[in-house]
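What follows is each chain in one-letter form.
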Amino acid sequence: MSKGKNPVINARVETVMDKPSFQNGILYHRLLIPAGGFYEWNSLKEKSTFTRPDSSVLYMAGFCDWFENERRFVILTTTANDSMKKIHDRMPLILEREQIADWFDNNKMPVLLHQAPTLLNRQTEYEQQSLFS
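Residues numbered from 1 in each chain as written. Predicted model: local features only at pLDDT ≥ 70, side-chain atom pairs only at ≥ 80, totals over all residues. Heavy atoms only, no water.

(A) Region of the structure containing the overall build of the protein. Tallying secondary structure elements over the protein gives three helices and 11 strands in all. The proportion of buried residues among the 133 residues of the protein is 41%. On the protein, roughly 8,400 Å² of surface is accessible, and the fraction owed to carbon and sulfur atoms is 52%. (Helix = DSSP H or I, 4+ residues; strand = E, 2+ residues; numbered from the N terminus. Buried < 20%, exposed > 50% of the residue type's maximum accessible area, 1.4 Å probe, protein only. Areas by Shrake-Rupley, 256 points an atom, 1.4 Å probe, with all protein chains shown as cover.)

(B) Molecular detail of the nonpolar core. By size, the foremost hydrophobic cluster in this structure holds 19 residues, and its most contacted members are Val 16, Phe 63, Leu 76, Trp 103 and Leu 113. Those elements that place two or more of their residues in this core are α1 (20-28), β7 (58-67), β8 (70-79) and α3 (109-112). It is β7 that contributes the most residues to this core, four residues altogether. Setting aside residues no more than four positions away along its own chain, Leu 76 makes contact with Ala 11, Val 13, Val 16, Ile 26, Ala 61, Gly 62, Phe 63, Met 91, Pro 92, Leu 93, Trp 103 and Leu 113. (Core = buried A, V, L, I, M, F, W, Y, C linked by side-chain atoms within 4.5 Å. Contact = heavy atoms within 4.5 Å.)

(C) Focus on the packing of aromatic side chains. According to the stated counting rule, one finds three aromatic pairs in the structure shown. Ring plane angle 65 degrees and centroid distance 5.5 Å describe the contact between Phe 22 and Phe 63, whose orientation is recorded as edge-to-face. You can see Phe 22 sitting in helix α1 and its partner Phe 63 sitting in strand β7, a full 41 residues away along the chain. One exposure class covers both Phe 22 and Phe 63, and it is buried. Ring geometry for Tyr 39 against Trp 41: centres 6.2 Å apart, planes inclined by 45 degrees, an arrangement best described as tilted. Judged by its relative accessible area of 47%, Tyr 39 falls in the partly exposed class. Residue classification places Trp 41 among the partly exposed residues on the basis of a relative accessible area of 42%. Over the ring of Tyr 39 we find Lys 47; its NZ or CZ atom is 4.3 Å from the centre of that ring. (Phe/Tyr/Trp six-rings, centres within 6.5 Å; stacked < 30°, edge-to-face > 60°. Lys NZ or Arg CZ within 6 Å of the ring centre and 35° of its normal.)

(D) Structural detail: the sheet that holds strand β6 (residues 47-51). The three strands are arranged β5-β6-β11 in an open sheet whose pairing can be described as antiparallel. Every other strand in the sheet has two partners, leaving β5 (38-41) and β11 (121-124) as the edge strands with one partner each. Within the sheet, the average angular offset between the axes of one strand and its neighbour, ignoring direction, is 30 degrees. Two elements, β5 and β6, share four bridges in a ladder whose sense is antiparallel. By the bridge assignment, Trp 41 is partnered in β6 with Lys 47. (Pairing = 2+ DSSP bridges. Axes fitted to C-alpha atoms, helices over the stretch in contact; angles between N-to-C directions.)

(E) Representation of the pattern of salt bridges within the structure. In total, this model carries six salt bridges according to the counting rule given. For the salt bridge of Arg 52 with Glu 96, the shortest nitrogen-to-oxygen distance reads 2.9 Å. In this pair, Arg 52 sits in the loop between β6 and β7 while Glu 96 sits in the loop between β10 (94-95) and α2 (100-103), placing the two residues 44 residues apart along the sequence. You can call Arg 52 buried: its relative accessible area is 10%. (Salt bridge = Lys/Arg side-chain N within 4 Å of Asp/Glu carboxyl O.)

And the structure:
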């Protein structure tokens, strides 16, 4: 699937179960993307790095499927928590290590879609200061 020329890389947890193009993937091809962290850019194009304060690995929830004759994976996003709100209004759905098995359980997965991710550490090289908030 693509929007214009850009492939879809994210899906909203609020609507993923309702979108026909995502149903097969979310129901039958769930995966976790382990990462040391991720980047996000604010409206001024300043990059921030987000990591867990308590672990060197975070687990982003997602799924894979065939989109336009290519096997691709999609990261699920949810409403930003307090560690992310200043930068962006969305963030990856992050699961806890003890939730890994539950992510692959069809009965438990829908509950995980609606949890708030843990707070993260944010690091940035610099941040533009403003006299106006």
